[in-house]
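What the coordinates show
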Amino acid sequence: MGKGPGLYTDIGKKARDLLYKDYQTDQKFTLTTFSPTGVAITSAGTKKGDLFVADVNTQLKNRNVTTDIKVDTSSNLFTTITVDEPAPGLKTIFSFRVPDQRSGKVELQYLHDYAGISSSIGLTANPIVNFSGVFGTNVLALGTDLSFDTKTGNFTKCNAALSFSNVDLIASVALNEKGDSLNASYYHIVNPFTNTAVGAEVTHCFSTNENTITVGTQHALDPLTMVKARVNNAGKASALIQHEWRPRSLFTVSGEVDTKSIDKSAKVGLALALKP
């Protein structure tokens, strides 16, 4: 485990990654190349049914400044400038999107042995202000995540979470949607040598009295091949196999089937990521 409680987005991240990361039902291709000057260019294309979406991302690093520029098929230009460690533990992020003139945002992140704070503000006349803070240690941490709309004077987001971490176990409880949703997650490492782990997530919505339960597992067949599986209480079962066929290049096949409607065809997704 690392030092400090991390940021609010880190709470429950291990369980979310196990249950949702790399699962997809689309066809995706990603190619990353590096120039002699250190510029990384990533081209990605995704086929979603009859729709094809593509983007090109260019990343340039100069000392502690990282600039990311991405252009997609809708002619949107996304720019993110990250300044790492302008002061100990501090990170500054400036982002905007063209042609959306209201998308500009400045974010500050600060990591300490006993705190993780992130704050952002939109670069508009009436901005939305976001603040999240986590306080505690790498074992026990309590955090909150707030968003305030200065135009309406209302809180658009008000969340709170508690996290407990051990050597092989991570558990968290979060109250989201202004107290309307309760989320609990669990991640447990069964065998660190084979990267075998199990995880679960339970969400209860108070306004509808509905529960969503998802459980999953992962296991490394060998140092280069990983398999994962999950199922939820709606009867959706998914599985994937991911193989690193060369260093940093991954081939992933995933599928999803509705166990309550076996007559429907299964959804299959393919992803190929190449990094020379």
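Whatever comes next refers back to the structure up there.
Residues numbered from 1 in each chain as written. Predicted model: local features only at pLDDT ≥ 70, side-chain atom pairs only at ≥ 80, totals over all residues. Heavy atoms only, no water.

So, about helix 1 (residues 13–20). Residues of helix 1 that are buried: Ala15, Leu18 and Leu19. Down the axis of helix 1, the buried set is contained in an arc of 90 degrees. They therefore lie on one face. In this structure, the buried residues of helix 1 make contact with strand 13 (181–191), strand 14 (196–205), strand 15 (210–222) and strand 16 (225–232). Positive backbone phi, at 75 degrees, marks aspartate 22, one or two positions downstream of helix 1. (Buried < 20%, exposed > 50% of the residue type's maximum accessible area, 1.4 Å probe, protein only. Helix = DSSP H or I, 4+ residues; strand = E, 2+ residues; numbered from the N terminus. Arc of directions from axis to C-beta. Contact = heavy atoms within 4.5 Å.)

Here we take up a nonpolar patch on the surface. Taken together, the side chains of Val139, Leu140, Leu142, Leu162 and Phe164 present a nonpolar region at the surface, about 430 Å² in accessible area. By secondary structure assignment, the location of valine 139 is in the loop between strand 9 (128–136) and strand 10 (140–149). By relative accessible area, valine 139 is classed as partly exposed at 35%. (Patch = residues over 30% accessible without salt bridge, like charges linked within 9 Å, V, L, I, M, F, W, Y side chains within 5 Å. Areas by Shrake-Rupley, 256 points an atom, 1.4 Å probe, with all protein chains shown as cover. Salt bridge = Lys/Arg side-chain N within 4 Å of Asp/Glu carboxyl O.)

With 10 bridges connecting them, strand 13 and strand 14 associate as antiparallel partners. Bridging across to strand 14, isoleucine 189 finds its partner in alanine 197. Relative to strand 15, strand 14 runs antiparallel, the two being bridged by nine bridges. What sits directly across from histidine 204, in strand 15, is asparagine 211. Counting the residues between successive antiparallel strands, the hairpin from strand 14 to strand 15 contains four residues, one of them, asparagine 209, with a positive phi of roughly 60 degrees. (Pairing = 2+ DSSP bridges.)

Turning to the pattern of salt bridges, a few remarks are in order. A side chain with one charge may pair with a side chain of the opposite charge, provided their charged atoms come close. Summed over the entire model, instances satisfying the criterion amount to three salt bridges. Two residues, aspartate 17 and lysine 13, come together in a salt bridge whose shortest N-O distance is 2.7 Å. A residue pair is termed a helical-turn pair when its members lie 3 or 4 positions apart in one helix, as aspartate 17 and lysine 13 do in helix 1 at four residues. Judged by its relative accessible area of 24%, aspartate 17 is partly exposed. Residue arginine 97 is joined to aspartate 100 by a salt bridge in which the shortest nitrogen-to-oxygen separation is 3.0 Å. Accessibility expressed as a relative area gives 32% for arginine 97, which makes it partly exposed.

This paragraph deals with unusual backbone geometry. The omega torsion across valine 98 and proline 99 is 15 degrees, close enough to zero to call that bond cis. Residue position: proline 99 is located in the loop between strand 6 (90–98) and strand 7 (105–112). Even without being glycine, glutamate 177 reaches a positive phi, approximately 55 degrees.

Moving on to the environment of serine 75. Topologically, serine 75 is positioned in the loop between strand 4 (65–72) and strand 5 (77–84). When the C-alpha positions of serine 75 and valine 227 are compared, they lie 37 Å apart, and in sequence the two are 152 residues distant.

All told, the structure shown has two aromatic pairs when counted by the stated rule. Judged by centre distance (5.5 Å) and plane angle (45 degrees), the ring pair of phenylalanine 94 and phenylalanine 96 falls under tilted. The ring of phenylalanine 78 carries the charged tip of lysine 70 above its face, separated from the ring centre by 5.2 Å. The ring of tyrosine 23 is capped by arginine 230, whose NZ or CZ atom sits 4.2 Å from the centre of that ring. (Phe/Tyr/Trp six-rings, centres within 6.5 Å; stacked < 30°, edge-to-face > 60°. Lys NZ or Arg CZ within 6 Å of the ring centre and 35° of its normal.)

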